[in-house]
There are 2 protein chains.
Amino acid sequence: MRFVTHLESAIDGTRLDANQLQTVHQDRPLWVRYDLEGIKKHVDRDALAAREATMWRYRELLPLDDQVSPVSLCETITPVINCPQLATDAGVREVWVKDESRLPTGSFKSRGMTMAISMAHFFGVRRVALPSAGNAGGAAAFYAARAGMEAYVFMPEDTPVINQHEAALAGARTFLVNGLINHCGAIVREGAEKMQWFDLSTLKEPYRIEGKKTMGLELAQQFQWKLPDVILYPTGGGTGLIGMWKAFQELTQLGWLDSKRLPKMVSVQSDGCAPIARAYDDGERFATLHENADTIARGIRVPAAVGDFMILDAVRESGGTAIAVPEEQIVSRMQTATRATGIAICPETAACISALDQLSKQGWLSDDQRIVVFNTGAAQKYLEAIEQPLPVIDRHQPLDWEFIENGR
Amino acid sequence: MRFVTHLESAIDGTRLDANQLQTVHQDRPLWVRYDLEGIKKHVDRDALAAREATMWRYRELLPLDDQVSPVSLCETITPVINCPQLATDAGVREVWVKDESRLPTGSFKSRGMTMAISMAHFFGVRRVALPSAGNAGGAAAFYAARAGMEAYVFMPEDTPVINQHEAALAGARTFLVNGLINHCGAIVREGAEKMQWFDLSTLKEPYRIEGKKTMGLELAQQFQWKLPDVILYPTGGGTGLIGMWKAFQELTQLGWLDSKRLPKMVSVQSDGCAPIARAYDDGERFATLHENADTIARGIRVPAAVGDFMILDAVRESGGTAIAVPEEQIVSRMQTATRATGIAICPETAACISALDQLSKQGWLSDDQRIVVFNTGAAQKYLEAIEQPLPVIDRHQPLDWEFIENGR
């Protein structure tokens, strides 16, 4: 049982066959299209909610035939946690954090990779490659290990050290490159023919987006089919934002939503790397490359995104916005937001917390809104952002309680 | 609604009042006792299984009044993942990994801390302290932040760097000490009066064990109330093993188990720090301090455990064993087990994989058994164990595909 009808070029609507492995059309991404009427007849929303609490409960809305076992590490539904202190701090009514660090490998990247590797495995792929500036490389490596595939990962040399070594731990051939993610992507493209690997880069194959879509499906169900008013989402390659917006369209067509309006989608970047926010401000549908891109939020250090128009379309259709926050706020916002919530807030999400404050101050938000922020990965994976000198106690000396009281 | 009847000294059975905050009795731990007959009348096992998929679904078997909100970060049920390659590698029939890295803060320590901090919060505690050689300090810091409590964490100076900095990120006053966890514990004890903090050390208060107990409750339910035959568990302070064994006793008394026998509990340590394995071999009920304790599996670098007799009693009652594995195998087993499963296997769990091989070779295991190994935390939190030199590519030079093919 599989409800996929075809693949569709996002740039010009060309139909492509979904029964073979596809990549891009005119160098731009593909949508997976479904027989939504068929799904509607086959299953209802309450039946989905009663299934095992993993992203695979939404099987009819995913591209893998339900007779085929996915390459899975058990992608449990991530919790959405009410954070009243965060709301108070920002001067808004209600803020929830959806904590994606609770997925395999500690980040939201697992959603896309379980789906993409499941499909690649189904189509007989034995070797995959991708560029990654953060959590994607690790996620790909672990799912490739689970599938018994070879993986090649190319990372900027200043990728967080944990991301570098987790990919290697999982057995991926992991390389550091003196450049940014787009330079790493060029190596993957160049090697496609020589190395016979399948390119798992963001939006270079149609299925990672379908995995990410489950963030939107889960959110709908967790809020009893009434979507939140605003979603703040850190934007690198944009698959998550695009995927969620696609989920909301599909849920609308299925008639499963009880809310009248869809959420305003807010794309958040750092002013150290803000191609989408700039294009939004300039009224453009396509972004230009952000020169000398840099941010400690490595996952959103993506100077050029192949799905730029898809992100910008979603933001505009939703009545949302795209915003760049000051780079220098990110580390301190990680601390304040973690302490306000008890959740290990990653740097990309800390940018969203800055955006929340900024939009609240500007009056862009209203006080009757339910706001959701995605914590895309575990803060523990960012040693570079959490490292700080710690006070030392010599146990052979008498204890200085004043020093201990003050923490220094 | 609360089914706790009293607290009971584990060393001599003395009854203590459960309506006030207790610590230890004669320096030894306390059990929480319940009106199991009352629970049996009030709820059945299928009702529990239908509740939200968090450890709080077992509310009747936990010490917090069900009218009181726990200090929680949404402790979702952790998946138990079938790992056929691991079974093949070890020459056994069936191995499952229960992946505790999927809890808040990326480790099993969250189970104990959500429970202990909820109870401390209920009893009005405003400041907590603990020694930690690994994940416990971080977990305590995050739950303390969630509760708005002050936390003081004392760690050996060679504690994994991620554990050090996660505690500080969450706002705990975090100190490095030139010693081992028992030296850190001495500071916490010495400060109790001067600093007016509550001691959250392993088994120095009765509730962390009740949180850890949920590992056993989940396992029972996940295997349809038929417990596995063997459980391999890495042992530092031992709360997890003790807690699970307590869960199995309570489930037996409730009549909820369909299996005839309880699992054989295997306590796993490194030969770099093996007080429990030594005491087991020597036929002792109490362990002696392991001098110059060292292992890269920092979570089991506990040279003296206050609950030693509780661990050894559980191991013996269950027909299990206690085993020390060669320290030098741990890092390589992390790699092989991670690659065989796709799960980020931590050093403590890698010791269990070594033990699995060893017990299989010795003929201690039989080929009709279902074996469960606990992955107690995310491998990504152990930079020191996963760090390795990675090959570098200069993007300004022509690509060397042979170098890339071979990963070096």
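Up top you'll find the structure we're talking about.
Report follows, based on the coordinates. (Residues numbered from 1 in each chain as written. Chains lettered and ligands numbered in written order. Predicted model: local features only at pLDDT ≥ 70, side-chain atom pairs only at ≥ 80, totals over all residues. Heavy atoms only, no water.)

**Here's the deal with the overall build of chain A**
A count of helical and extended segments in chain A gives 15 helices and 14 strands. Whereas a compact globule of 408 residues would reach a radius of gyration of roughly 22 Å, chain A reaches 21 Å, a difference of no more than 12%. Overall, the C-alpha framework of chain A stretches about 70 × 50 × 45 Å when taken along its three principal axes. Counting across all 408 residues of chain A, residues that qualify as buried make up 66%. Sequence separation of 24 or more characterises 70% of the internal contacts of chain A that already satisfy a separation of 6 or more. Just so you have it, chain A exposes about 14,000 Å², and 45% of that area is on carbon and sulfur atoms. (Helix = DSSP H or I, 4+ residues; strand = E, 2+ residues; numbered from the N terminus. Rg over C-alpha atoms; globule rule 2.2 N^0.38 Å. Buried < 20%, exposed > 50% of the residue type's maximum accessible area, 1.4 Å probe, protein only. Contact = heavy atoms within 4.5 Å. Areas by Shrake-Rupley, 256 points an atom, 1.4 Å probe, with all protein chains shown as cover.)

**Some details on the interface of chain A and chain B**
Of the residues lining the interface, 71 residues belong to chain A; the matching set on chain B comes to 71 residues. For chain A, the biggest contributors to the area lost against chain B are A:Arg102, A:Leu169 and A:Trp401; these three give 12% of the whole. Taken together, the links from chain A to chain B amount to two salt bridges. The partner of B:Arg127 in a salt bridge is A:Glu405, and the shortest N-O contact between them spans 2.8 Å. Considering each element in turn, the side of chain A that touches chain B owes the most residues, seven residues, to helix α6 (residues 161-169) of chain A. (Buried area = accessible area lost by both parts, 1.4 Å probe. Salt bridge = Lys/Arg side-chain N within 4 Å of Asp/Glu carboxyl O.)

**Details of the pattern of salt bridges**
Applying the stated criterion to the full structure yields 47 salt bridges over all chains. B:Arg333 is paired through a salt bridge with B:Asp357; the nearest N and O atoms lie 2.5 Å apart. Of this pair, B:Arg333 sits in helix α13 (residues 330-341) while B:Asp357 sits in helix α14 (residues 347-361), and the two are 24 residues apart along the sequence. An identical accessibility class is assigned to B:Arg333 and B:Asp357; each is buried. Among the charged side chains, a network of salt bridges with common partners joins A:Lys98, A:Glu100, A:Arg111 and A:Glu218.

**Considerations on the relation of the copies chain A and chain B**
Turning chain A through 180° and shifting it by 0.0 Å along the axis lays it on chain B, with an RMSD of 0.0 Å. The symmetry that links the two subunits is that of a two-fold axis. Across chain A, the smallest distance between a C-alpha and the rotation axis is recorded for A:Arg102, namely 2.5 Å. Counting the interface residues of chain A, we find that 100% of their copies in chain B are interface residues as well, pointing to one common contact surface. (Least-squares fit on C-alpha atoms with pLDDT ≥ 70 in both.)

**Observations concerning the sheet that holds strand β13 (residues 370-375) of chain B**
Residues and elements named next belong to chain B. In space, the six strands of this open sheet follow the order β4-β5-β13-β10-β11-β12, with mixed pairing throughout. Sheet topology places β4 (80-82) and β12 (321-325) at the edges, where each strand pairs with a single neighbour. Within the sheet, the average angular offset between the axes of one strand and its neighbour, ignoring direction, is 25°. Relative to β13, strand β10 (residues 230-234) runs parallel, the two being bridged by three bridges. Bridge pairing links Leu232 to Val373 in β13. (Pairing = 2+ DSSP bridges. Axes fitted to C-alpha atoms, helices over the stretch in contact; angles between N-to-C directions.)

**Thoughts on the environment of B:Ala140**
Residues and elements named next belong to chain B. The residue Ala140 is located in helix α5 (residues 135-147) in this model. Along the primary structure Ala140 and Ala151 are separated by 11 residues, whereas in three dimensions their C-alpha atoms are 7.4 Å apart. Those residues in contact with Ala140 that sit more than four places away from it in its chain are Met113, Ile117, Leu130 and Leu200.

**Looking at the sheet that holds strand β1 (residues 4-9) of chain B**
Residue and element names in this part refer to chain B. Across the sheet, three strands lie side by side as β2-β1-β3; this open sheet has antiparallel pairing. Either end of the sheet is taken by a strand with one partner, and the two such strands are β2 (15-16) and β3 (30-34). Here five bridges tie β1 to β3, and the two strands are oriented antiparallel to one another. Looking at β3, one finds that Ser9 is bridged to Leu30.

**Observations regarding the environment of A:Gln335**
For A:Gln335, the position within the fold is in helix α12 (residues 330-341). For the pair A:Gln335 and A:Ala350, spaced 15 residues apart in the sequence, the C-alpha separation amounts to 8.5 Å. Every residue in contact with A:Gln335, bar those within four places of it in the chain, is listed here: A:Gln388 and B:Leu169.

**Focus on the layout of surface pockets**
All names here are of chain A. Approximately 880 Å³ is the volume attributed to the second largest pocket. For the second largest pocket, the lining is made up of 44 residues, of which Ser201, Thr202, Val302, Ala304 and Val306 are closest to its centre. For the lining of the second largest pocket, the secondary structure elements donating two or more residues are β6 (127-131), α5 (135-147), α7 (181-195), α8 (208-222), β10 (230-234) and α9 (239-254). Of the residues that constitute the lining of the second largest pocket, the class distribution is 18 nonpolar, 17 polar and nine charged. (1 Å grid on protein atoms, 1.4 Å probe; cavity = no way out; pocket = protein on both sides within 12 Å on 5 of 7 lines; lining within 4 Å. Points joined across faces, edges and corners; volume = space filled by probe spheres on them. Nonpolar A, V, L, I, M, F, W, Y, C, P; charged D, E, K, R; others polar.)

**Topic: the pairing of strand β7 (residues 150-156) of chain A**
Consecutive side chains along a regular strand alternate between the two faces of the sheet. Residue and element names in this part refer to chain A. Among the seven residues that make up β7, six are buried, leaving the element largely enclosed by the rest of the structure. Alignment of β6 against β7, held across five bridges, turns out to be parallel. Note on β7: the bridge partner recorded for Val128 is Ala151. Following the backbone out of β6, through α5 and into the adjacent parallel β7, one traces a crossover that is right-handed. Running through α6, the crossover from β7 to the neighbouring parallel element strand β8 (residues 173-177) is right-handed. (Right-handed = clockwise from strand over helix to strand, strands pointing away.)

**Considering the packing of α9(A) against helix α11 (residues 308-317) of chain A**
Residues and elements named next belong to chain A. The N-to-C vectors of α9 and α11 enclose an angle of 50°; their axes lie 9 Å apart at closest approach. Accordingly, the angle class assigned to the pair α9 and α11 is oblique. At the point where α9 passes α11, the crossing takes the left-handed sense. In this structure, α9 uses Leu241, Ile242, Trp245 and Gln249 to contact α11, whose residues at the interface are Met310, Ile311, Ala314, Val315 and Glu317. The residue makeup of the contact of α9 with α11, split by class, is seven nonpolar, one polar and one charged. (Parallel < 35°, antiparallel > 145°, perpendicular 65-115°, else oblique. Left-handed = near helix turned anticlockwise from the far one by under 90°.)

**Considerations on helix α10 (residues 239-254) of chain B**
All names here are of chain B. Between the first and last C-alpha of α10 there are 22 Å, a value that for 16 residues agrees with the 22 Å anticipated at 1.5 Å per step. For α10, a buried count of 13 out of 16 residues is recorded, marking the element as mostly surrounded by other parts of the structure. Gly255 lies just past α10 and shows a positive phi near 75°. (Expected span 1.5 Å × (residues − 1).)

**Things to note about the side chain of B:Ser270**
All names here are of chain B. Along the polypeptide, Ser270 turns up in strand β11 (residues 264-270). A polar contact is formed between the side chain of Ser270 and the backbone nitrogen of Gly272, at a distance of 2.9 Å. Within the structure, Ser270 has its side chain in polar contact with the side chain of Glu327 (distance 2.5 Å). Residues in contact with Ser270, not counting those within four places in the same chain, are Thr295, Ile300, Ala324, Val325, Glu327 and Ile330. (Polar contact = N/O pair within 3.5 Å; in protein donor to acceptor, adjacent residues only side chain to side chain.)

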